[in-house]
Amino acid sequence: MKVLIKNAIIISSSTTSSPTDILIENGIISMIKAGISVNAEQVIQRPGLHVSAGWMDLFANFYDPGNEYKETLESGSKAAAAGGFTDVMVVPNTTPVVHDKSQVEYIVHKSKDLLVRIHPIGAVTRNVAGAELTEMYDMRNSGALAFSDGTHSLQSSGILLKALEYVKAFNGTIIQVPDDENIGSNGLMNEGIISTQLGLPGKPAISEEIAVARDIELVKYTGSRMHFTGISTKKSLELVEKAKQEGISISCSVTPYHLFFCDEDLHDYDTNLKVNPPLRTRSDMFALREGLLNGMIDFISSHHQPHDWDDKTCEFEYAKNGMIGLESMFGVLRSIGCPVATFVKMQTTNIRQIFDLPAIEIKKGIPARLTLFDPEAEYIFTNEHIHSKSKNTPFTGKKLKGQTFGIINGDQLFLK
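Residues numbered from 1 in each chain as written. Predicted model: local features only at pLDDT ≥ 70, side-chain atom pairs only at ≥ 80, totals over all residues. Heavy atoms only, no water.

Looking now at the overall build of the protein chain. Scanning the protein chain from terminus to terminus reveals 12 helices and 18 strands. Computed over its C-alpha atoms, the radius of gyration of the protein chain comes to 21 Å, within 12% of the 22 Å expected for a compact globule of 416 residues. Over its C-alpha atoms, taken along the principal directions, the protein chain stretches across nearly 65 × 50 × 45 Å. Burial statistics for the protein chain: of 416 residues in total, 58% are counted as buried. Of the contacts made within the protein chain by residues no fewer than 6 positions apart, 75% connect residues no fewer than 24 positions apart. Per element, the accessible surface of the protein chain, about 16200 Å² overall, is 49% carbon and sulfur. Averaged over its 40 positive side-chain charges, the protein chain has a centre that lies 6 Å from the centre of its 49 negative ones. (Helix = DSSP H or I, 4+ residues; strand = E, 2+ residues; numbered from the N terminus. Rg over C-alpha atoms; globule rule 2.2 N^0.38 Å. Buried < 20%, exposed > 50% of the residue type's maximum accessible area, 1.4 Å probe, protein only. Contact = heavy atoms within 4.5 Å. Areas by Shrake-Rupley, 256 points an atom, 1.4 Å probe, with all protein chains shown as cover. Lys, Arg positive; Asp, Glu negative; His and termini not counted. Charge placed at Lys NZ, Arg CZ, Asp CG, Glu CD.)

Another point: the layout of surface pockets. Looking at the largest pocket, its volume works out to about 530 Å³. Its boundaries defined by the atoms lining it, the second largest pocket holds a volume of some 300 Å³. Ser12, Ala53, Ile360, Glu361 and Ile362 are, among the 17 residues lining the second largest pocket, the residues nearest its centre. Examining the composition of the lining of the second largest pocket, we find that 5 residues originate from one element, helix H12 (residues 340-354), more than from any other. Across the lining of the second largest pocket, the residue classes tally to 9 nonpolar, 6 polar and 2 charged. (1 Å grid on protein atoms, 1.4 Å probe; cavity = no way out; pocket = protein on both sides within 12 Å on 5 of 7 lines; lining within 4 Å. Points joined across faces, edges and corners; volume = space filled by probe spheres on them. Nonpolar A, V, L, I, M, F, W, Y, C, P; charged D, E, K, R; others polar.)

This paragraph deals with the pattern of salt bridges. Counted by the stated rule, this structure contains 18 salt bridges. Between Lys70 and Asp311 there is a salt bridge; the shortest N-O distance is 3.2 Å. Separated by 241 residues along the polypeptide, Lys70 in the loop between strand S6 (55-60) and helix H1 (73-82) and Asp311 in helix H10 (residues 309-312) bring together distant segments of the chain. Neither Lys70 nor Asp311 differs from the other in exposure class; each is buried. Between Arg369 and Asp87 there is a salt bridge, and its shortest N-O distance comes to 2.5 Å. In this pair, Arg369 is assigned in strand S16 (residues 369-380) and Asp87 in strand S7 (residues 85-90), connecting sequence segments 282 residues apart. Grouping residues by exposure puts Arg369 and Asp87 together as buried. (Salt bridge = Lys/Arg side-chain N within 4 Å of Asp/Glu carboxyl O.)

Let's shift gears to the nonpolar core. One finds Ile174, Leu333 and Phe355 to be the most contacted residues of the largest nonpolar core, which totals 101 residues. The element contributing the most residues to this core is H12, with 6 residues. Excluding residues within four positions of it along the chain, Leu333 makes contact with Pro256, Leu259, Leu292, Ile300, Cys338 and Phe343. In this structure, Val3, Ala8, Ile29 and Leu372 belong to the second largest nonpolar core, which totals 15 residues. (Core = buried A, V, L, I, M, F, W, Y, C linked by side-chain atoms within 4.5 Å.)

This next bit is on the pairing of strand S5 (residues 50-53). A regular strand carries its side chains on alternate faces of the sheet. Bridge count for strand S1 (residues 2-10) against S5 is 2 bridges, and the pairing is parallel. In the sheet register, Ile10 faces S5, and the bridge partner there is Val51. Alignment of S5 against S16, held across 4 bridges, turns out to be antiparallel. What sits directly across from Ser52, in S16, is Thr371. (Pairing = 2+ DSSP bridges.)

The next subject is the packing of helix H6 (residues 206-222) against helix H7 (residues 234-245). Where H6 contacts H7, the axes come no closer than 9 Å and their chain directions differ by 10 degrees. When the interaxial angle is binned, H6 and H7 end up roughly parallel. For the element pair H6 and H7, the recorded crossing hand is right-handed. Residue-level inspection shows Glu208, Glu209, Val212, Ala213 and Ile216 of H6 in contact with H7, the latter providing Lys235, Ser236, Leu239, Val240 and Ala243. Here the residues of the contact of H6 with H7 sort into 6 nonpolar, 1 polar and 3 charged. (Axes fitted to C-alpha atoms, helices over the stretch in contact; angles between N-to-C directions. Parallel < 35°, antiparallel > 145°, perpendicular 65-115°, else oblique. Left-handed = near helix turned anticlockwise from the far one by under 90°.)

On to the pairing of S1, then. In this structure, S1 lies alongside strand S2 (residues 20-25), joined through 5 bridges in antiparallel fashion. What sits directly across from Val3, in S2, is Ile24. In this sheet, strand S4 (residues 42-44) lies alongside S1 in parallel orientation, the contact comprising 3 bridges. Bridging across to S4, Val3 finds its partner in Gln42.

What follows concerns the side chain of Gln103. Of note, Gln103 is situated in helix H2 (residues 101-110). Residues contacting Gln103, with those up to four places away along its chain left out, are Pro65, Pro96, Val97 and Val98.

Following this line, the structure appears as structure tokens:
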């Protein structure tokens, strides 16, 4: 099959091309130049068309196996493709948990023919219970790209220490959502003036910051590697930056919603904004935006967490944490002023370097792994943009900037 992309601007973390054409034959880039004239089964030509190497996301839950009514590997793959992602790392919080090589192999095998490449994250502890280490080496050999207890933060310093020593043997990375669950365990939102006004129990920022500080010390002690995802406070970001300056192997990512919303947006008790870590103060939100622009933040993680109608259409106290985020990420980041080159660098170069994946290039003779988008297009985000099985997002009805058109992943093509 021949696919011809016409008059597209190729953008990377360092360069931007003049409008050019790209010819793809049987999944391989065969020609890049202006004015290509061939008969192709698929011609892609749209106003404002930009092309970059395929984007990657770190932290999505596709609930397969176990809770396929919320999401499946197939529907999650479509949601990712619609959001412009060619690669997604999925958390181990499934039923059963991805805590042995058979579960890793299930995801690898079932997703091998899907639109996007799905990379399993193996659990650090059995049943993500925080007590007994898994056979991470076996999972690594079966295809696990990194290790985490996903939405369950590792609480035991001793267990985390052993895990960091374990993965050091093969240069692996532990992913952690920093949260001391003994502090503010009943909190429904950020502890502060707004939680007092709303009459909701709060979760203080120190529950995150003390976990970040502890984990940095454990990484420093072991000489291992850790990635913090879901960083939500200014102090946490400062702790990470200081650790980086000291040469400790720490990296971090934030969610789109912590950059877009703050605790003040909870005045109408929108359950789609109930997340963990919770939305923090306006000053924290602006500190994260500054960290995005100055390079303190390594990349963005969607924290795509689908829930069905019943889990969100209820009292705030009983609503589940999380929202979907793959389809809206690019529009959210562009809407808060993230430069296109910065976003592309984060979601292609930075994330792949951190997890030891080869760089993706756009050049003749290599497999096509491309994201198609218009960084300036403005639109209202609606349910028509959602390909996930769940619709739990606060971005419905909001005006966003930055439209994705789809992806080309080898011989797989997805266009909206």
